[in-house]
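Structural overview
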2 protein chains.
Amino acid sequence: MGKTKFGPQTLLFPMPAVLVGARVNETANFMTAASAPPAVTVALRPPRFTLSGIRATGTFSINVPSADMAKVVDYCGIYSGHKHDKSGLFHVDYGVLQTAPLVRECPVNLECKVLHVLDLKSHQLIVGEIVESYVRSDCITDGQPDAAKINPLVYITGSQQYCRLGEIVGRAFSIGKKD
Amino acid sequence: MGKTKFGPQTLLFPMPAVLVGARVNETANFMTAASAPPAVTVALRPPRFTLSGIRATGTFSINVPSADMAKVVDYCGIYSGHKHDKSGLFHVDYGVLQTAPLVRECPVNLECKVLHVLDLKSHQLIVGEIVESYVRSDCITDGQPDAAKINPLVYITGSQQYCRLGEIVGRAFSIGKKD
């Protein structure tokens with residue numbers, strides 16, 4: 001598939017750079033939640049066709065599409081697998097877990113094993129352990145996944161739009177260092 | 001605080017527009033995971049100072065910074081509250097939960113109540129119910145949060161960089177409709 005394995009890494013693009021706040025000993029404290037654990041969560045509203053497959057196999061995949069895949073990604077969000085066979089939309093590969101379908105056209109794929117399923121009433125929250133990650137060889141620079149080459153599709157909550165990544169602001173774990 | 005309440009909504013900016021894949025009845029199926037449930041997950045590596053506060057109060061906040069806050073956000077990611085008092089970095093407001101500190105300088109805030117804490121060994125996964133969300137009044141267009149005005153800071157995994165949102169590609173739940 002022309003992809004390089006990166007082991008169990010949370011290679012999700014993009015990530016919100018949010019501040020998590022909590023009161024500690026009567027004082028407000030804030031930290032970033034950017035440190036990525038080898039786990040992902042996906043919330044699905046039952047009955048979702050995909051949910052039955054995740055429950056049956058105990059595995060699933062997370063596939064990071066590039067911005068030029070917006071139309072087919074949106075199709076997958078609009079139409080349910082109950083009525084529409086989506087298996088022909090992409091070339092499908094299988095990795096170490098053998099039952100988590102990986103989209104060959106997506107520059108990044110994560111293979112996941114179900115760790116927990118939490119009932120959130122309106123949704124089921126699937127917590128998955130990332131078992132392996134894959135990055136397309138032409139999206140790697142100096143041995144690292146290159147976001148500019150991956151060109152990930154970004155979703156905008158609220159206004160329900162897709163967009164691209166913009167220009168770089170600075171280096172993480174660096175620009176905030178005290179002089 | 002010059003902010004408008006939007007109720008329990010997952011106003012996280014940005015979101016990865018990923019495809020979730022699973023094998024259903026021997027066939028590969030894919031869906032988007034963009035539909036936002038009224039819950040958020042945060043993975044923290046113990047011992048994190050913030051984690052003790054979340055456990056003690058059962059509440060926390062998620063604050064969406066704008067791109068021009070990159071430096072102070074990075075500071076919060078580098079230095080631990082164990083040794084550095086971060087309460088003076090921002091103006092702090094409290095909302096309905098009274099113990100989740102909201103960063104006034106952030107254009108979007110989510111107030112969260114702890115639903116579950118899962119032990120992922122290297123990290124603790126906090127699952128929070130969003131109780132209230134706030135958007136700064138000058139970041140609202142036609143009654144909806146406006147991502148361009150919020151100008152959220154985006155984190156790039158792998159290369160560990162911050163960037164801005166880029167140009168719009170298309171409308172979700174629209175560009176993928178069958179003709």
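Everything below is about the structure shown above.
Quick caveat, the model's predicted, so the values are computed rather than measured.

Rules behind the numbers
- Residues numbered from 1 in each chain as written.
- Chains lettered and ligands numbered in written order.
- Predicted model: local features only at pLDDT ≥ 70, side-chain atom pairs only at ≥ 80, totals over all residues.
- Core = buried A, V, L, I, M, F, W, Y, C linked by C-beta atoms within 7 Å.
- Buried ≥ 20, exposed ≤ 12 C-beta atoms within 10 Å, placed from the backbone.
- Contact = placed C-beta atoms within 7 Å.
- Least-squares fit on C-alpha atoms with pLDDT ≥ 70 in both.
- Helix = DSSP H or I, 4+ residues; strand = E, 2+ residues; numbered from the N terminus.
- Arc of directions from axis to C-beta.

1. Observations regarding the nonpolar core
Membership of the largest hydrophobic core comes to 110 residues, with the highest contact counts inside it found for V20 of chain A together with V20 of chain B. Every residue in contact with V20 of chain B, bar those within four places of it in the chain, is listed here: V42, T50, F60 and I62 of chain A together with F30, M31 and A33 of chain B.

2. As for the relation of the copies chain A and chain B
Rotating chain A by 180 degrees and translating it 0.0 Å along the rotation axis places it on chain B, where the RMSD comes to 0.0 Å. These values place the two chain copies in the arrangement generated by a two-fold rotation axis. Of every C-alpha in chain A, the one belonging to G166 of chain A sits nearest the axis of rotation, 1.8 Å from it. Most of the interface of chain A is mirrored in chain B, where 100% of its interface residues again form contacts.

3. Focus on the environment of A67 of chain A
The residue A67 of chain A is located in the loop between β6 (59-64) and α2 (70-78) in this model. For A67 of chain A, a count of 20 C-beta atoms within 10 Å translates into the label buried. Here the alpha-carbon distance between A67 of chain A and L165 of chain A, two residues 98 residues apart in the chain, equals 8.9 Å. Setting aside its immediate chain neighbours within four residues, A67 of chain A contacts N151, P152, L153 and R164 of chain A together with V169 of chain B.

4. Examining helix α2 (residues 70-78) of chain B
Each turn of an α-helix holds 3.6 residues, which means side chains three or four residues apart point in the same direction. Inspection of α2 of chain B places A70, V73, D74 and C76 of chain B among the buried residues, and these make up the whole buried set. End-on, the buried residues of α2 of chain B take up no more than an arc of 155 degrees, which puts them together on one face. On its buried side, α2 of chain B packs onto β3 (19-24), β4 (27-32) and β14 (161-171) of chain A together with β14 (161-171) of chain B.

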